[in-house]
Amino acid sequence: MPSSFTEYPLSEEILSALEQLQYRTPTPVQVKVIPEILKGKDVLAKSQTGSGKTASFGIPLCELVEWDENRPQALVLAPTRELAIQVKEDIFHIGRYKRINVPVLFGRSPFYKQVQALKQKTHIVVGTPGRVLDHMERKTLDTSAIRYLVIDEADEMLNMGFREDIETILEYIPEPHQTILFSATMPKPILEITKKYQKDAVTIKVVKKELTVPSIDQFYYDVKRKEKIDVLSRLLDYYDPKLSLVFCNTKRKVDELTNELQGRGYFAEGLHGDMKQSQRDRVMNNFRKGKTDILVATDVAARGIDVDDVEAVFNYDIPQDDEYYVHRIGRTGRAGRTGRAFTF
């Protein structure tokens, strides 16, 4: 197992950027995925957020794309605007010394500005499926030189109804190309897509024991439904976390709980998929800057939340499967810090 990125066949520009980002030891998912992408293989990887998966495809993509080519050579699909922006930022930083250009495409944002960005020299395009397809159909995104396609959080995309869009996008990508797919779970529709669109894909699973983080203290409380808000308030007052994430299973519960917390005098805001993009951006900015102490969110809305200072995660509702639990608690205890996770 490589103990350093210098053990991979990476250029000086990429290694310098990784050093500056303080990426020193590859995570388990990076150890398994990076060499396969560099070898030109299709990859099907089962991996959670917080496992370092963005760098596991971002590093080889930045290495493989040719700077002199003016047309996009790689396309990365992400389920939400927040995650697309996060992925773009990560790739931009990894490719900074190679001067990699990474436009990001998503809905509810001026189309003409994205068209202008795509007219510049472009190496890697990141976007949400609906808007990427829009650009393809209007011929504002040139797919003729795309050789690498990454589908990130594929299970979430299917949950959000993007299957048809993804399959149409795949038809636009010229052969031969590499298809790299990441998913936290492997439902039947994902396996159908891989069977149809991937060739001899290398299957990679990062086992869960590598993902439950020892730096997170995990607590479990047996609580009557009507007493949850009181228990949550007491824990917030007792531990006084700098930033907290509270997870609910439904959008309605997010709204109800946010109102209750605000009524009790907490600086809380909600985040879910029914909110307008401008509202979601405002809420996320307030949380990142610490103007909001408590973010109440659904699982899908929380994708792409990459804030290092979250000190506590509360599962107000028990997540619907164990992999979501790992996703949720992985929002704390990041970047070498310790964290607490409470499940009611």
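Preceding block: the structure.
Residues numbered from 1 in each chain as written. Predicted model: local features only at pLDDT ≥ 70, side-chain atom pairs only at ≥ 80, totals over all residues. Heavy atoms only, no water.

Comments concerning the overall build of the protein chain
Argument step 1. Scanning the protein chain from terminus to terminus reveals 13 helices and 13 strands.
Argument step 2. Dimensions of the protein chain, computed from C-alpha atoms along their principal axes, come out at roughly 60 × 45 × 40 Å.
Argument step 3. Split into buried and exposed, the 344 residues of the protein chain put 55% on the buried side.
Argument step 4. Considering only residue pairs separated by 6 or more positions, the protein chain has 75% of its internal contacts joining residues 24 or more positions apart.
Argument step 5. Total accessible area computed for the protein chain in this model is approximately 15,800 Å², and 48% of it derives from carbon and sulfur atoms.
Argument step 6. With 50 positive and 50 negative side-chain charges, the protein chain shows a spacing of 2 Å between the two charge centroids. (Helix = DSSP H or I, 4+ residues; strand = E, 2+ residues; numbered from the N terminus. Buried < 20%, exposed > 50% of the residue type's maximum accessible area, 1.4 Å probe, protein only. Contact = heavy atoms within 4.5 Å. Areas by Shrake-Rupley, 256 points an atom, 1.4 Å probe, with all protein chains shown as cover. Lys, Arg positive; Asp, Glu negative; His and termini not counted. Charge placed at Lys NZ, Arg CZ, Asp CG, Glu CD.)

Section: the nonpolar core
Argument step 1. F57, I59, V76, I91 and I124 are the most contacted members of the largest nonpolar core, which totals 39 residues.
Argument step 2. Contact partners of F57, with chain neighbours within four places excluded, come to I37, V76, V87, I91, V150, D152 and F182.
Argument step 3. Residues L141, M157, F162 and I169 belong to the second largest nonpolar core, which totals 25 residues. (Core = buried A, V, L, I, M, F, W, Y, C linked by side-chain atoms within 4.5 Å.)

Things to note about the packing of aromatic side chains
Argument step 1. In the structure shown here, the tally under the stated rule is 11 aromatic pairs.
Argument step 2. Ring centres of Y221 and F344 lie 6.3 Å apart, and the angle between their planes is 80°; this geometry places the pair in the edge-to-face category. Linking Y221 in the loop between β8 (216-220) and α10 (228-239) with F344 in the segment after β13 (339-343), this pair joins segments that are 123 residues apart in sequence.
Argument step 3. An angle of 15° between the planes, with centres 4.9 Å apart, marks the rings of F314 and F342 as stacked. In this pair, F314 sits in strand β12 (residues 310-315) while F342 sits in strand β13, placing the two residues 28 residues apart along the sequence. Take F314 and F342: they sit in the same class, and that class is buried.
Argument step 4. These aromatic residues form a ring-pair network of at least three members: F219, Y221, Y238, Y239, F314, Y316, F342 and F344.
Argument step 5. A cation sits over an aromatic face here: K121 above W67, 4.1 Å from the ring centre. (Phe/Tyr/Trp six-rings, centres within 6.5 Å; stacked < 30°, edge-to-face > 60°. Lys NZ or Arg CZ within 6 Å of the ring centre and 35° of its normal.)

Points about the sheet that holds strand β11 (residues 294-297)
Argument step 1. Spatially, the six strands line up as an open sheet ordered β8-β13-β12-β9-β11-β10, and their pairing is parallel. Of all strands in the sheet, those with a lone pairing partner are β8 and β10 (268-271), marking the two edges. Taking the axes of each pair of neighbouring strands and ignoring which way they run, one obtains an average angle of 20° across the sheet.
Argument step 2. Pairing between β12 and β13: four bridges, direction parallel. Opposite A312, over in β13, you have R340 as the bridge partner.
Argument step 3. Set on the sheet, helix α12 (residues 277-288) makes contact with β9 (243-247), β10, β11 and β12; between it and β10 the angle comes to about 135°. (Pairing = 2+ DSSP bridges. Axes fitted to C-alpha atoms, helices over the stretch in contact; angles between N-to-C directions.)

So, helix α6 (residues 129-137)
Argument step 1. Burial in α6 covers these residues: P129, R131, V132, L133, H135 and M136.
Argument step 2. Buried residues belonging to α6 abut β2 (74-77), β3 (104-105), α5 (111-119), β4 (124-127), α7 (154-159) and α8 (163-172).
Argument step 3. Once α6 finishes, K139 follows within two positions and takes phi at roughly 60°, a positive value.

Remarks on the pattern of salt bridges
Argument step 1. A full pass over the atoms with the stated rule returns 21 salt bridges.
Argument step 2. With a shortest N-O distance of 2.7 Å, D152 and K53 are connected by a salt bridge. With D152 in the loop between β5 (148-151) and α7 and K53 in helix α3 (residues 53-64), this pair connects stretches of sequence that are 99 residues apart. K53 matches D152 in its accessibility class, with the two residues each being buried.
Argument step 3. When the shortest N-O distance is used, the salt bridge between D281 and R81 registers 2.7 Å. With a gap of 200 residues between them, D281 in helix α12 and R81 in helix α4 (residues 81-94) connect regions that are remote in the sequence.
Argument step 4. Salt bridges sharing partners connect three or more residues here, namely R163, E167, K188, E192 and K196. (Salt bridge = Lys/Arg side-chain N within 4 Å of Asp/Glu carboxyl O.)

Quick look at the sheet that holds β4
Argument step 1. Across the sheet, seven strands lie side by side as β3-β4-β2-β5-β6-β1-β7; this open sheet has parallel pairing. Only two strands of the sheet have a single partner each, and these edge strands are β3 and β7 (202-205).
Argument step 2. Docked against the sheet, α4 engages β2, β3 and β4, running at close to 160° with respect to β4.
Argument step 3. The sheet strands contacting helix α9 (residues 188-197) are β1 (43-46) and β6 (178-183), and the helix crosses β6 at an angle near 170°.

Regarding helix α2 (residues 28-38)
Argument step 1. For α2, the full list of buried residues reads V29, Q30, V31, V33, I34, E36 and I37.
Argument step 2. At its buried positions, α2 is contacted by β1, α3, β6 and β7.
Argument step 3. Positive phi appears at G40, one or two residues downstream of α2, with a value of about 90°.

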